[in-house]
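The primary structure of each chain is shown beneath.
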Amino acid sequence: LMDGERVQYQDDMGRAGSGFVVWDVKAPSSVVWDCLLDFQSYPQTIPTVRNVVMYTNTHLKEDYRAEKPIDFEDGTAAICKHGVPSVTRAQFALSKFKLKIAAVHKYRPHPKGDYMIFTLDPASSNMALKYAKGIWYTQSNPDGKEGHTRVWLLCELKVSRLLPQWIVDYAASRAMPRA
């Protein structure tokens, strides 16, 4: 990190695993969070995300298909802004295979560093993906570096035994480096 490099660790996954990536960004945390909370721009900023559909978040115990898709600009979406707590629900089409998964994101500002917990929507637990959970966390001015933000992504997941091991290995090798 002191040399400007990212630090990354990932379990030798098998069918379940976890990992993290951390790096320092030369920007204030508000700018980092404006990017992380801008779900609509994920297809332009995260290479594996091909499409995003936002949903209402009124029935979080039910799967996202019980909700309504929403137009980001129509005012029905949660306010996704640095410093404003929010709960959002989105469906993502991932990778060249356009695998569709949905996640619930719970963003919370905190004086020691904001964080956002994301969990797999109940509808997205399927024959391939059984469990996923992660957290984004930011730390302002790490190691006394004014104007910088340390960004952490920690995640864990579990995939089905039905999924061929070569697909699991391929996805695991590409996921963290692209975070």
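What you see is a predicted model; the values in this text were computed from it and never measured.

1. Some remarks on the environment of phenylalanine 39
Next up, step 1: When you line up the elements, phenylalanine 39 lands in the loop between helix 1 (29-36) and helix 2 (42-45).
Next up, step 2: Note: C-alpha distance between phenylalanine 39 and cysteine 80 (41 residues apart in sequence) is 8.6 Å.
Next up, step 3: When near neighbours in sequence (up to four residues on either side) are disregarded, phenylalanine 39 contacts Val52, Met54, Cys80, Thr88, Phe92, His105 and Met116.

2. Describing the pairing of strand 8 (residues 129-140)
Next up, step 1: Bridge analysis of strand 7 (residues 115-120) against strand 8 gives five bridges, and the strand direction is antiparallel. From the neighbouring strand, phenylalanine 118 faces strand 8, where its bridge partner is glycine 134.
Next up, step 2: Pairing of strand 8 with strand 9 (residues 149-159), which is carried by 11 bridges, proceeds in the antiparallel orientation. Following the sheet pairing, lysine 133 is matched in strand 9 by glutamate 156.

3. Here's the deal with helix 1
Next up, step 1: Three or more residues of helix 1 are buried, namely Ser29, Val32, Trp33 and Leu36. The buried residues of helix 1 occupy an angular sector of 95° when projected down its axis, which confines them to one face.

4. Brief notes about the nonpolar core
Next up, step 1: Core analysis: the biggest nonpolar cluster contains 27 residues, and Trp33, Phe39, Tyr42, Val52, Phe92, Met116 and Trp136 have the highest contact counts within it.
Next up, step 2: Counting only elements with at least two residues in this core, the list comes to helix 1, strand 3 (49-55), strand 5 (86-94), strand 6 (99-108), strand 7, strand 8 and strand 9.
Next up, step 3: With near-sequence residues (within four places) excluded, valine 52 lies in contact with Phe39, Gln40, Tyr42, Pro43, Ala90, Gln91 and Phe92.

5. Looking at the packing of aromatic side chains
Next up, step 1: Applying the stated criterion to the full structure yields six aromatic pairs.
Next up, step 2: The interplanar angle of 55° and the centroid separation of 5.3 Å between the aromatic rings of phenylalanine 39 and tyrosine 42 together place this pair among those described as tilted.
Next up, step 3: Judged by its relative accessible area of 7%, tyrosine 42 is buried.
Next up, step 4: Ring geometry for tyrosine 42 versus phenylalanine 92: centroids 5.9 Å apart, planes at 20°, classification stacked. Placement of the pair is tyrosine 42 in helix 2 and phenylalanine 92 in strand 5, with a sequence separation of 50 residues. The pair tyrosine 42 / phenylalanine 92 is uniform in exposure class, with both members buried.
Next up, step 5: By the ring-pair criterion, three or more aromatic residues cluster together here, those being Tyr9, Phe20 and Trp152.
Next up, step 6: One cation-aromatic arrangement involves arginine 6 over tryptophan 23; the distance from NZ or CZ to the ring centre is 5.5 Å.

Basis of the calculations
Residues numbered from 1 in each chain as written. Predicted model: local features only at pLDDT ≥ 70, side-chain atom pairs only at ≥ 80, totals over all residues. Heavy atoms only, no water. Helix = DSSP H or I, 4+ residues; strand = E, 2+ residues; numbered from the N terminus. Contact = heavy atoms within 4.5 Å. Pairing = 2+ DSSP bridges. Buried < 20%, exposed > 50% of the residue type's maximum accessible area, 1.4 Å probe, protein only. Arc of directions from axis to C-beta. Core = buried A, V, L, I, M, F, W, Y, C linked by side-chain atoms within 4.5 Å. Phe/Tyr/Trp six-rings, centres within 6.5 Å; stacked < 30°, edge-to-face > 60°. Lys NZ or Arg CZ within 6 Å of the ring centre and 35° of its normal.

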